[in-house]
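Fold and geometry: a report
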Amino acid sequence: MLRVAAGDTAAFASLYDRHHRSVARFAHRFVQDAEKAEELTQDIFVKLFRHAGRYRRTARFKTFLFRVAANHCLNEVRRGEYRVTHVAEQGEEGRPVEIPAPEAHSPDRALEGRELERTVAAALSRLSDRERTAFALCRFEGMAYRDIAEVLSASEAAVKSLIHRATLSVARAVEAWQAGAQPPARSEA
Amino acid sequence: MSCTVEGDLTAYVDGELSIVEAARVRAHLATCSGCRSTEALLRRTVAELAALPAFEPSVGLRRRVLSEVETLPRPWSERLLHLLRPAVLAPAGVALATVAVVAVVAGQRAQEARAERGAELAVAENYELLTDYEVVGLAPDDLEVVEQLDQLKKEGRP
């Protein structure tokens, strides 16, 4: 990172190779749209290069990176540059979201995976921006509450509450889908 | 649900509670079927979420990011280091030294010229007087004595 701060583009390329998947995954969970997620990821890495001098060795790099990423996503959504795509749940009318097929051993498992993904995406689009950020960092990036608190400049208690509300909301949506929609999905296969 | 530990259930599932808090939640779960059911739902969901496919960005994104970064202005530290390279520094040093030598020599010459011009000016201003006293054999140094002659007489000096 210190080499990046000195303008070393080769060091930056290496940094990009190591972390771009995490950032893109986070951005995708945030806006629920592949194209927008790539635009956000590009902006985040350019910002990272430009502000590399602000990085202090005392901070964990991943925390610093996601602080930049989360702030950028939250600001862009607040400014109206991006809208969080509302994902329709099964049976609702709406734009289908492009979701990669999960690695599954059978077509019915793949279909089930896509439907679960759609249910989760729909539940995420109903969360507040901060709940979605905390949830994505915890569930998909495996970050500890303490680190998420640093990313969001919040207390650990606030993060615990954000993650609990978000997880419970997603869990209820998944439960409802499993109770109502799963049997037909199985019969289609 | 009105249980006081409900807000701690996700943190409990995530292993984010202290030993004391976790023990309190565990004790409550042993007696509350509602919270046990919520805990089971949370555990199941967390496991399912972990199995979801991850978004994979396109290969073109790397090229776009790196080419945008290449067009950005370099940081001042890098520009300074670039200027301090021997290949830039040596010719710049030689040029600077040459300019300094030329400036010193030119300054000295200008000072000498100014001094010469001053002496010539004094001679020109007193040209008439000098030619008069040269006739009687007085040197230019005696001019001041002659000019002050009346004053010296009054003071009684010889």
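Worth saying up front: this structure is predicted, and the values here are computed from it rather than measured.

**Notes on the overall build of chain A**
Each helix and strand counted, chain A has nine helices and zero strands in total. Along its sequence from the N terminus, chain A presents helices and strands in the succession α-α-α-α-α-α-α-α-α. For chain A, with 189 residues in total, the buried portion stands at 39%. Within chain A, residue pairs in contact and separated by at least 24 positions form 67% of the contacts whose partners lie at least 6 positions apart.

**Quick notes on the interface of chain B and chain A**
Each partner contributes to the interface: chain B provides 30 residues, whereas chain A provides 39 residues. Elements represented by at least two residues in the side of chain B that touches chain A include exactly helix H1 (9-13), helix H3 (33-50), helix H4 (60-71) and helix H5 (76-83) of chain B. Take the side of chain B that touches chain A: its biggest share by element is eight residues, from H4 of chain B. A per-class count over the side of chain B that touches chain A returns 16 nonpolar, five polar and nine charged.

**Quick notes on the packing of helix H2 (residues 9-31) of chain A against helix H6 (residues 129-139) of chain A**
All names here are of chain A. Relative orientation of the contacting elements H2 and H6 amounts to 145°, with a least axis distance of 10 Å. In terms of crossing hand, the pair formed by H2 and H6 is right-handed. Within the contact between the two elements, H2 uses Phe-26, Arg-29 and Phe-30 and H6 uses Arg-132, Thr-133 and Ala-136. When the residues that make up the contact of H2 with H6 are grouped by side-chain class, the tally is three nonpolar, one polar and two charged.

**Observations concerning the confidence of the model for chain B**
Residue and element names in this part refer to chain B. Mean pLDDT for chain B: 81, with 77% of residues reaching 70 or above. Across chain B, H1 holds the top mean pLDDT of 96, while H5 sits lowest at 62. Here the predicted complex scores 0.67 on pTM and 0.78 on ipTM.

**Side note on H6 of chain A**
For H6 of chain A, the buried fraction is high: nine of the eleven residues fall into the buried class. The set of residues buried in H6 of chain A consists of Glu-131, Arg-132, Thr-133, Ala-134, Phe-135, Ala-136, Leu-137, Cys-138 and Arg-139 of chain A.

**A few points about the nonpolar core**
Generally speaking, soluble globular proteins have nonpolar side chains that are buried together. Residues and elements named next belong to chain A. Within the largest apolar cluster, 60 residues are counted, with the highest numbers of intra-cluster contacts made by Ala-27, Ala-69, Ala-134, Leu-137, Ile-148, Val-159 and Ile-163. Here this core takes nine residues from H2, the largest share from any one element. Excluding residues within four positions of it along the chain, Ala-134 makes contact with Ile-148, Leu-152, Val-159, Leu-162, Ile-163 and Ala-166.

**Looking at the packing of helix H3 (residues 34-50) of chain A against helix H4 (residues 61-78) of chain A**
Residues and elements named next belong to chain A. Two elements in contact, H3 and H4, have axes separated by 10 Å at closest approach and are oriented at 130°. Classified by the interaxial angle, the pair formed by H3 and H4 is oblique. The hand of the H3/H4 crossing is right-handed. Listed contacts from H4 to Leu-40, Asp-43, Ile-44, Lys-47 and Leu-48 of H3 are Leu-65, Val-68, Ala-69, His-72, Cys-73 and Glu-76. Of the residues assigned to the contact of H3 with H4, the class counts are seven nonpolar, one polar and three charged.

Rules of the game
- Residues numbered from 1 in each chain as written.
- Chains lettered and ligands numbered in written order.
- Predicted model: local features only at pLDDT ≥ 70, side-chain atom pairs only at ≥ 80, totals over all residues.
- Helix = DSSP H or I, 4+ residues; strand = E, 2+ residues; numbered from the N terminus.
- Buried ≥ 20, exposed ≤ 12 C-beta atoms within 10 Å, placed from the backbone.
- Contact = placed C-beta atoms within 7 Å.
- Nonpolar A, V, L, I, M, F, W, Y, C, P; charged D, E, K, R; others polar.
- Axes fitted to C-alpha atoms, helices over the stretch in contact; angles between N-to-C directions.
- Left-handed = near helix turned anticlockwise from the far one by under 90°.
- pLDDT = per-residue confidence, 0-100.
- Core = buried A, V, L, I, M, F, W, Y, C linked by C-beta atoms within 7 Å.
- Parallel < 35°, antiparallel > 145°, perpendicular 65-115°, else oblique.

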